Amino acid sequence: MIEKLKREWLAAPGANIMAGIVVALALIPEAIAFSIIAGVDPMVGLYASFLISVIISIVGGRPAMISGATGAIALLIVPLVSEYGLDYLLAATILMGVIQLILGFLKVGKLMKFIPNSVMIGFVNALGIMIFMSQIEHIFGISIDTYVYVIVTLLIVYIVPRFIKKLPAPLIALVVLTAIYIFLGSEVRTVGNLGNIKRSLPSFFIPNVPFNMETLQIILPYSLSMAVVGLVESLLTAKIVDNATDTYSSKNRESRGQGIANFITGFFGGMGGCAMIGQSVINVKSGATTRLSSLTAGVVLIFLIIVLGNWVVQIPMPILAGIVVMVSIGTFDWGSFRYLAKAPRTDAFVMVVTVAVVLFTHNLAIGVVVGVLFSAIFFATKISKVVVTFESLNVRNVVRFQGQIFFASIDTMIDQIEFKEYDKAIELDFSQAHLWDDSAVDAIDTIVRKFEEKGNTVHVSQLNADSRKIVKELSRLNEQHLT
Amino acid sequence: MYKKILLAADGSENSYRAAEETLNFIDGNSEVTILNVINTNDSKDDVLHNTPGESINAKRKEKLQSIINFYETNNIPYKVQFEHGTPNETVVKIANSEKHQAVVLGTRGLNGLQEMVLGSVSHKVAKRAEIPVIIVK
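Predicted, not measured: the structure shown is a model, and the values here were computed from it. (Residues numbered from 1 in each chain as written. Chains lettered and ligands numbered in written order. Predicted model: local features only at pLDDT ≥ 70, side-chain atom pairs only at ≥ 80, totals over all residues. Heavy atoms only, no water.)

1. Quick word on the overall build of chain B
For clarity, the cut-off: For helices the rule is a DSSP run of H or I covering at least 4 residues; for strands it is a run of E covering at least 2, with both sets numbered from the N terminus onward. Burial status follows relative accessibility: with a 1.4 Å probe on protein chains alone, a residue under 20% of its type maximum counts as buried, one over 50% as exposed, and anything between as partly exposed. Contacts are assigned to residue pairs with any non-hydrogen atoms lying within 4.5 Å of each other. For accessible areas, the Shrake-Rupley method is used with a probe of radius 1.4 Å. Any residue's cover is judged against the shown protein chains and nothing else.
Tallying secondary structure elements over chain B gives seven helices and five strands in all. Classification of the 137 residues of chain B by burial places 43% in the buried group. Summarising the internal contacts of chain B: among those between residues at least 6 apart in sequence, 75% fall at separations of at least 24. If you sum the accessible surface of chain B, you get close to 7000 Å²; carbon and sulfur atoms cover 49% of it.

2. Looking at helix H12 (residues 251-267) of chain A
All names here are of chain A. Keep this limit in mind: Given a helix with a known number of residues, its expected span is that number minus one, times 1.5 Å. A 3.5 Å cut-off defines polar contacts: any pair of N or O atoms within that distance qualifies, except that in protein one atom must be a possible hydrogen donor and the other a possible acceptor, and neighbouring residues in sequence count only when both atoms are side-chain atoms.
Spanning 17 residues, H12 covers 25 Å between terminal C-alpha atoms, matching the ideal 24 Å at 1.5 Å per step. Counting buried residues along H12, 12 of its 17 residues qualify, which places the element largely inside the surrounding structure. All of the buried residues in H12 are Lys 251, Asn 252, Glu 254, Ser 255, Gly 257, Gln 258, Gly 259, Ala 261, Asn 262, Thr 265, Gly 266 and Phe 267. You can read the cap of H12 off the contacts: a side-chain oxygen lies 3.0 Å from the backbone nitrogen of Arg 253, and it is on Ser 250. Directly beyond the C-terminal end of H12, a positive phi value near 80° is found at Gly 269.

3. A short note on the sheet that holds strand E5 (residues 133-136) of chain B
Residues and elements named next belong to chain B. Our working rule: Paired strands are those between which DSSP finds at least two bridges. For every element, the axis is a line fit to its C-alpha atoms; helices are fit only across the contacting stretch, and the angle between N-to-C directions ranges from 0 to 180 degrees.
In spatial order, the strands read E3-E2-E1-E4-E5; together these five strands make up an open sheet with parallel pairing. The sheet terminates laterally at strand E3 (78-85) and E5, the two strands that pair on one side only. Adjacent strand axes in the sheet meet at a mean angle of 25° when their direction is disregarded. Here four bridges tie strand E1 (residues 4-8) to strand E4 (residues 102-106), and the two strands are oriented parallel to one another.

4. What about the domain arrangement of chain A?
Condition: Those domain boundaries reflect an automatic or database domain assignment.
Split into domains, chain A comes out as domain 1 (2-344) and domain 2 (384-482). The C-alpha centroid of domain 2 of chain A is placed 57 Å from the C-alpha centroid of domain 1 of chain A.

5. As for the interface of chain A and chain B
What counts here: Defined in terms of a 1.4 Å probe, buried area is the accessible area two parts forfeit on being brought together, summed over both.
Counting from both sides, the interface comprises 25 residues of chain A and, opposite them, 23 residues of chain B. Of all residues in chain A, Arg 162, Asn 243 and Lys 285 of chain A bury the most surface against chain B, accounting for 30% of the area lost on that side. Our enumeration of links across chain A and chain B arrives at 10 residue pairs in polar contact (both at pLDDT 80 or more). Among the secondary structure elements, those contributing two or more residues to the side of chain A that touches chain B are helix H6 (117-134), helix H11 (213-245), helix H13 (277-285), helix H15 (317-331) and helix H16 (336-342) of chain A. Sort the elements by how many residues they give to the side of chain A that touches chain B and H11 of chain A lands first, with six residues.

6. Here's the deal with the sheet that holds strand E4 (residues 396-405) of chain A
Residues and elements named next belong to chain A. On the basis of which strands lie adjacent, the open sheet formed by four strands has the order E3-E4-E5-E6 and mixed pairing. The strands lining the two open edges of the sheet, one partner per strand, are strand E3 (387-393) and strand E6 (457-461). The mean angle between the axes of side-by-side strands here comes to 20°, regardless of whether they run parallel or antiparallel. Where E3 lies against E4, seven bridges are found, and the strand directions are antiparallel. Directly across from Leu 393, in E4, lies its bridge partner Arg 396.

7. Details of the packing of helix H5 (residues 86-105) of chain A against H12 of chain A
All names here are of chain A. To be explicit about the condition: Should an angle fall under 35 degrees it is taken as roughly parallel, and over 145 as roughly antiparallel, whereas 65 to 115 is taken as roughly perpendicular and any remaining angle as oblique. Handedness of each helix crossing follows the sense of rotation of the near helix against the far helix: counterclockwise by less than a right angle gives left-handed, clockwise gives right-handed. Residues are grouped as follows: Ala, Val, Leu, Ile, Met, Phe, Trp, Tyr, Cys and Pro are nonpolar; Asp, Glu, Lys and Arg are charged; every other residue, Gly included, is polar.
Orientation of H5 relative to H12, taken along the N-to-C sense of each, is 160°, at an axis distance of 7 Å. Relative to H12, H5 is oriented roughly antiparallel. Seen from above, H5 lies across H12 with left-handed handedness. Across the interface between the two elements, Leu 90, Thr 93, Ile 94, Met 96, Gly 97, Val 98, Gln 100, Leu 101, Gly 104 and Phe 105 of H5 pack against Asn 252, Ser 255, Arg 256, Gln 258, Gly 259, Ile 260, Asn 262, Phe 263, Gly 266 and Phe 267 of H12. Among the residues forming the contact of H5 with H12, the class breakdown is nine nonpolar, 10 polar and one charged.

Okay, here's the thing in structure tokens:
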């Protein structure tokens, strides 16, 4: 226990603190931009990133993973904020935390393996597209200066990393271009036009909403979506960090940790959040291995905001828009085009459906659920093909079954049998089949009865151990049929 | 002849040519370390496009199989080393770890613009490694 704590907190402290600082610098523009997407003051996202980073560093399951205010959650809550305001968002965040905590205790981490790659790829693609679309209003049709700032930002974030490795390029773009704006002035909107920056630590307060059923009805659908999307992105990110570091992490602890972090954040004026793929990769690349990196990221972030808050309001919006466009490009899975050409047709279809549903409903959670449902249906169809073959050798008539026999496959199975035999000995051979449920057993009973009605004697053979067990428990077949 | 030589290999055609070139610098008593850097930036792709049930590690090893076979048939002692990180930085770090006498690597043959955008691993390694660097074109 002590050993584990030491390893997760104190190994290579220098490298982890450095990585945390780098991430803090990269987090600031994103936290502000995601707040603006959600329609709240920048402080709501900044407080969320600060609180979630710090809390997750202690209660999360995946050391060196970074969590904070994310685009995925911001996109979900737009209608809630615009219709009901900030207090309802905070209440929804608290409830989101409670739901995640419950799901964590129910060990939902294990359920993640039921989300196929096709749905995950659809998820990140839909997220990338939605984040990109959210920036259109900040880029197009404002002013020539706006286009110039966006283009220069994009050039900086893609070219500068070739030469300067230690500092995050988005921060370089932010500092250099904001300085140019302050000295020269331009016709662009700034962060100050869209919200305020408070130079103080977050404080505890209870969201000002009526505590009644009506409030619950308003926030519950949002909280559910936020909880699901938060967990999907967090557990995907945890897998990515596991892979990048060749270590394993507890997905259930991470689920509970995300719940605790969101629950507390809601009481301190922060919006809901989850793990961030891009930031976590930056953290690991910068040398992070421990929880200290996540803690440092949160603390440095809020320190910088308190010290530099007056300048933050001067940041031109197009710089943030450029940075968010970069985030959206990094979020999109560019291997998808190859995937669409090569993957099985049903997988490619599920991926496209997931993206389409999200773009249509503006809700990533619905996309994931529909995607999983489709892939489950395809899977069931694929394995519900039972092949029945007949063999007549002199007096021996064998009906051979191949495949998985369960509720979805029994109809096609029975349709293949013609029941034309009279007064013969018939053997039903199940050596290459598996009976899964009571429908399967009923179907076998039906087949036996239909043959017997025409004077045949029926013999059921070669059931495997599992199938034999449910036949014994559920079937009306007697020992004579089975020996 | 070098006794300990480092081969930076990504499994590409170029890295196979680099493997062939090492034979001019070693004999049967030398040991080749085949270094494969797993780019942290590729982690997302790996996770999203991994076939369920197939281990990511097995896939990585498979990429190097042609190079491993090459050393097997030539009876050269070798070992395989996987490292996580950014390719050029990690190759430099291992090259400068004082365990190897020279480092061999292939080059993608990028033009000026591609090099500016993509970054050239061989260029960075040549500049910052403290042992002889053999770049195979």
